[in-house]
Amino acid sequence: MPRLHVNIDHVATLRQARRSDQPDPVLAAGISELAGANGITVHLREDRRHIQDRDVKLLRQTVKSLMNLEMALTDEMIAIALKLQPDQVCIVPESREELTTEGGLDVSHHYKRLEKAVPVFRKAGIEVSLFVDPLPEPLEDAARLGVDFVELHTGAYSNTRGRARDAELLRLETAANYAHELGLRVNAGHGLDYENVLPIAQLPYVEELNIGYAIICRSIYIGLDQAVREMQDRILAAAPD
Ligand code: PXP
């Protein structure tokens, strides 16, 4: 059964709507951990549209479970990550116009830069994950690069219904099996919610689920503690009897 990493970017999105100091993602991280989150995920974007430098610094000091920093492969972000020392980094594509991370990383396009950066992170004791579409090529490149994890992009699965969703689930299952065969550890995330999470939690080899938007949305109605607990319950349902 996968562990739940709560992505708290959306708490910061609300704060930045007023450029104020609340709600505080650092407090949200603590509440999520007390409710049972196994890790905290944040994306420090180049444009600082939600999470700020102050947040990642405080989170590094306060997160007791595991801190996963999503980042673009830029010199600035590499320097910040090496100084910050999160437990994990997840390399994601980033473009300024997008509402959220839209596609998986084009691993072959960034191969040369990754070849330089991956050993630097690993030497610093930081686990490296690549956010990829569930396709053979990025998995093969990820294995050649010697990263620890791939995070399978579940966005296409989350955005479809019926037969199209079944096809996306099969693609994810095939990718999870292939990644494992290649010696990669497997995470998954993007667009997961209370209704669609169970089949993903039941996929083979998936160790961590990164979930943000659905949990933060629900927390507005029922509180963050309860929203995290309910997501944990949905994931727990994937445990074998
Ligand atoms: N994983 C990655 C790599 C992401 O970029 C995001 C969005 O920030 C998530 C997971 C979480 O997606 P959501 O907020 O839709 O749950």
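All of the points below concern the structure found in this document.

Inspection of the secondary structure assignment puts Asp148 in the loop between α6 (136–145) and β6 (149–153). Residue classification places Asp148 among the buried positions, given a relative accessible area of 15%. There is a polar contact of 2.8 Å between the side chain of Asp148 and the backbone nitrogen of Val128. In contact with Asp148, not counting residues within four places along its chain, are Arg122, Ile126, Glu127, Val128, Leu184 and Arg185.

Further remarks concern the packing of helix α2 (residues 25–34) against helix α3 (residues 53–62). Angle between the axes and distance between the axes are the two parameters that describe a pair of packed helices. Packing of α2 against α3 leaves a shortest axis separation of 9 Å and a crossing angle of 30 degrees. The pairing of α2 with α3 is recorded here as roughly parallel in orientation. Crossing of α2 over α3 shows right-handed handedness. In this structure, α2 contributes Pro25, Val26, Ala29 and Glu33 to the contact, and α3 contributes Arg54, Asp55, Leu58, Leu59 and Thr62. Class assignment of the residues belonging to the contact of α2 with α3 gives a composition of five nonpolar, one polar and three charged.

Each aromatic ring pair is characterised by the separation of its centres together with the angle its planes make. Within this structure, the stated rule accounts for zero aromatic pairs. Taking the ring centre of Tyr157 as reference, the NZ or CZ of Arg165 above it sits at 4.8 Å. Above the face of the Tyr194 ring, Arg218 is positioned so that its terminal group lies 3.6 Å from the ring centre.

Within the closed barrel, the eight strands sit side by side as β1-β2-β3-β4-β5-β6-β7-β8. Their pairing is parallel. Between one strand axis and the next, the sheet turns through 25 degrees on average, direction left out of account. By the bridge criterion, four bridges tie strand β3 (residues 67–71) to strand β4 (residues 88–91) in an arrangement that is parallel. Each bridged residue has a counterpart across the sheet, and for Leu69 the counterpart in β4 is Val89. Its contacts with the sheet put helix α4 (residues 75–84) on β3 and β4, and the angle it makes with β3 is roughly 170 degrees. Its contacts with the sheet put α6 on β5 (127–132) and β6, and the angle it makes with β5 is roughly 165 degrees.

On to the environment of Ile222. Checked against the element boundaries, Ile222 lands in helix α10 (residues 213–222). What makes Ile222 partly exposed here is its relative accessible area of 37%. When the C-alpha atoms of Ile222 and Val56 are compared, they prove to be 26 Å apart, with 166 residues separating the residues in sequence. In this structure Ile222 touches Ala227 and Glu230, once residues within four positions along its chain are discounted.

What counts, and where the lines are drawn
- Residues numbered from 1 in each chain as written.
- Predicted model: local features only at pLDDT ≥ 70, side-chain atom pairs only at ≥ 80, totals over all residues.
- Heavy atoms only, no water.
- Helix = DSSP H or I, 4+ residues; strand = E, 2+ residues; numbered from the N terminus.
- Buried < 20%, exposed > 50% of the residue type's maximum accessible area, 1.4 Å probe, protein only.
- Polar contact = N/O pair within 3.5 Å; in protein donor to acceptor, adjacent residues only side chain to side chain.
- Contact = heavy atoms within 4.5 Å.
- Axes fitted to C-alpha atoms, helices over the stretch in contact; angles between N-to-C directions.
- Parallel < 35°, antiparallel > 145°, perpendicular 65-115°, else oblique.
- Left-handed = near helix turned anticlockwise from the far one by under 90°.
- Nonpolar A, V, L, I, M, F, W, Y, C, P; charged D, E, K, R; others polar.
- Phe/Tyr/Trp six-rings, centres within 6.5 Å; stacked < 30°, edge-to-face > 60°.
- Lys NZ or Arg CZ within 6 Å of the ring centre and 35° of its normal.
- Pairing = 2+ DSSP bridges.

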